[in-house]
Structure formats: C-alpha cells, structure tokens
Amino acid sequence: MEKKVTKIGVLTSGGDSPGMNACVRAVVRTALYHGLEVYGIMRGYSGMVEDEIIKMESRSVANIIQRGGTILKTSRCKEFFEYEGRKKAYENLKKHDIDGLVIIGGDGSFKGAQLFSNEFDIPCIGLAGTIDKDIAGTDFTIGFDTAVNTAVEAIDKIRDTADAHDRLFVIEVMGRDAGYIALHSGISTGAENILIPECKTVMEEIITQLAEKERRKKLVNLIVVAEGDEFGGANEVAKFIKEKLPHQEVRVCILGHIQRGGSPSCIDRVIASRMGYHAVECLMEGKHNVFVGIVNNKMSYIPLDEAVKKKQRISEEWMKIVKILAS
Ligand code: F6P
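Note that the structure is a prediction, hence the values are computed from the model and not measured. (Residues numbered from 1 in each chain as written. Predicted model: local features only at pLDDT ≥ 70, side-chain atom pairs only at ≥ 80, totals over all residues. Heavy atoms only, no water.)

## Concerning the packing of aromatic side chains
Inference 1: Enumeration over the complete set of coordinates arrives at seven aromatic pairs.
Inference 2: With a centroid separation of 4.6 Å and an interplanar angle of 20°, the aromatic rings of Y90 and F120 are classed as stacked. With Y90 in helix α3 (residues 83-95) and F120 in the loop between α4 (107-119) and β5 (124-128), the pair connects residues that are 30 residues apart, well separated along the chain.
Inference 3: Take F120: its relative accessible area is 12%, and that puts it in the buried class.
Inference 4: Ring plane angle 50° and centroid distance 5.1 Å describe the contact between F110 and F291, whose orientation is recorded as tilted. Placement of F110 in helix α4 and of F291 in strand β10 (residues 290-295) is noted, with a sequence separation of 181 residues between them. (Phe/Tyr/Trp six-rings, centres within 6.5 Å; stacked < 30°, edge-to-face > 60°. Helix = DSSP H or I, 4+ residues; strand = E, 2+ residues; numbered from the N terminus. Buried < 20%, exposed > 50% of the residue type's maximum accessible area, 1.4 Å probe, protein only.)

## Examining the nonpolar core
Inference 1: Core analysis: the largest hydrophobic core is formed by 33 residues, its most contacted members being I8, V102, I104, I125 and L127.
Inference 2: At the level of elements, β1 (7-12), α1 (20-33), β4 (100-105), β5, α9 (266-285) and β10 are the ones that each hand at least two residues to this core.
Inference 3: Sequence-distant contacts of I8, that is, excluding residues within four places in its chain, are made with V27, A31, L36, E37, V38, Y39, I98, G100, V280 and L283. (Core = buried A, V, L, I, M, F, W, Y, C linked by side-chain atoms within 4.5 Å. Contact = heavy atoms within 4.5 Å.)

## Overview of the sheet that holds β4
Inference 1: Here we have seven strands laid out as an open sheet, ordered β3-β2-β1-β4-β5-β10-β11, and mixed in their pairing. Only two strands of the sheet have a single neighbouring strand rather than two, namely β3 (53-56) and β11 (298-303). Across the sheet, the mean angle separating the axes of adjacent strands is 30° when strand polarity is ignored.
Inference 2: In the sheet, β4 pairs with β5 via five bridges, with the strands oriented parallel. What sits directly across from I103, in β5, is G126. (Pairing = 2+ DSSP bridges. Axes fitted to C-alpha atoms, helices over the stretch in contact; angles between N-to-C directions.)

Printed below as a string of structure tokens:
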C-alpha cells in the first residue's frame, strides 16, 4: 500500500525561468489546502545537501506570482551528482520528515531527480521549468513563453535600426543545446536566417544567399543564432560574413540573460499554476518519480527514467517555413 504523503519539499533548480515563482506558489497553496506541510528547499539541490530547508506558509508565497527569478533561489549543484551528496541530501530530508519532493527545473535537474528517486524512498515529481523548452513530453515549459517574447521585443527593435541603416544583424539568443528560442523568435520577427543546434549550419549557403540579396539590393537581414549552434555564436557568424562579404555592414547583438528575467507572461503563470497544482495531486494519489507535463491541453505523466532519455525534436517543416517566408 502507498504511504500517505504528509510533508513535501519544493525546490527550483538549474537556470531560473520566469514563472518558477508562480509554480512554487501553486505547490505551496495546493499542499496547504490538502492539510500537508510544505518546505522550501533553498538553492536547488544545494539546499538539500546543505540543509537549507524552510517551512512555508500561505503568506510565504504572497505577491510572487508576477515576479521573475525564484524566491527559493537556484543553482547547479555538482555535489548532488555524486552518490555521497545525494545521500547527505536524503538524510537532511529525513531529518525534516519530508516524504515527497517537487523539483522545478530543466533536463539537468531531472537527471538529478532520476538518480535520487532510484536510490532513495522519497517520491519525486518533476516539473519543467526552463526557458529552453528542450524537454520532450510537454507542449510547454515554464518560462519559455516569457523568454521568447522578451527576445521578440528586442529583435523588433533591432529591425528598426537595421532597416534605417541597411544593415545586417546577427542576433544571438539563448539555447546551449536547443534552438526553440531562436526558432520561435526568428519566425515571429521575420528573420532571414535561423541557426540552431538541431540543424546543420552551412555558412557557405548563407553567404551565397546574402550575396544574391546584395545584388537585389536587399541589405537588411536579420540572422538569429542560438548560442549553441555548431558553427558558433553571433560573433563567429558575423566574423565569417565580414570576411566573405566585406561590403556588408554587419552588427552583432547578444541578448543574453535578459531572456531569463522579467515578469512571467500570462501563459507562463497559468501553466506554472496548473503544473504546481497537479504535482501535489500526484503525490497525494501515490504517483511517484514522474515528470508532469501538458500535452494537447491535458496533463501528462512520464516516468522520470523515460523523460531523461527522450529528446525534443524539431520537425523539418519548421525549417521549410523559415526558408519560404524569408525569401
Ligand atoms: O536556462 C538554460 C540556459 O538559459 C541556456 O540556454 C544557457 O546556455 C544557460 O542557461 C546559461 O546559464 P548560466 O549563465 O546560468 O550558466
């Protein structure tokens, strides 16, 4: 028979993402509604290892739904990836009688949760909190919508000045392993080229296109590149273009961490609230070691063991759309 959960811990881990606070709020308030005790674990897995664990009340999460960042702080904890670190973490949870865990984070955080849940008897529920949207098995990740809209707003502004000067801009967006921010922000700003880690970048082809556009006097070009593209980031791409097409006026803009901050969009607040609520429901129902996502507007539950193996793919059709629309 499943053991009834009575005290749950919640943490945010890895790169922060707008909406994490809304999610923490949902976990805390749902747990309290069901009469459970809730503990906030500070700085991701570090707080578990170092015993930075605080009791949370309804008021602890007041006035945070609209705030970016995470009130629980976050980190990437190397110690947790060693067995000794996880054991220490387990002992600390036991000390507080925590018998259920909600982990809000990206793929690295899920890997940690998967290792932990296979070794120790505390049920874990993973929720996708990452601006990168690189987690398979969910249509949404908390923070992606806000981040991509931040990028879109910036790129629209860059287009104004690019247009005024007839310039080519190479704009770098976040995405160490994933091109979703580049793809979505690029399509929605009419970028002429989008370079992402999931697709082969043939710079010679881009140079040929640019040279042809030069002949047609189309001098305004925006190239959106994901930071993890195999060719390199915006600086490398711009350097290559300048070498091959010395007449082009090329400028670089790296959007960087502004994409991670800011007030979460309505979508991010809503999905964060739904996911947080369902994470607690899962623990109450005895579900354990699953990742909770949303697919076709319904909650989906994937074992953490499977979730860490799956890769989010980008369909060829997306790249075709980019090519056709940017001609
Ligand atoms: O949160 C994911 C991410 O935004 C990646 O796209 C990026 O490479 C990384 O975080 C950078 O994070 P940090 O500067 O915190 O190491």
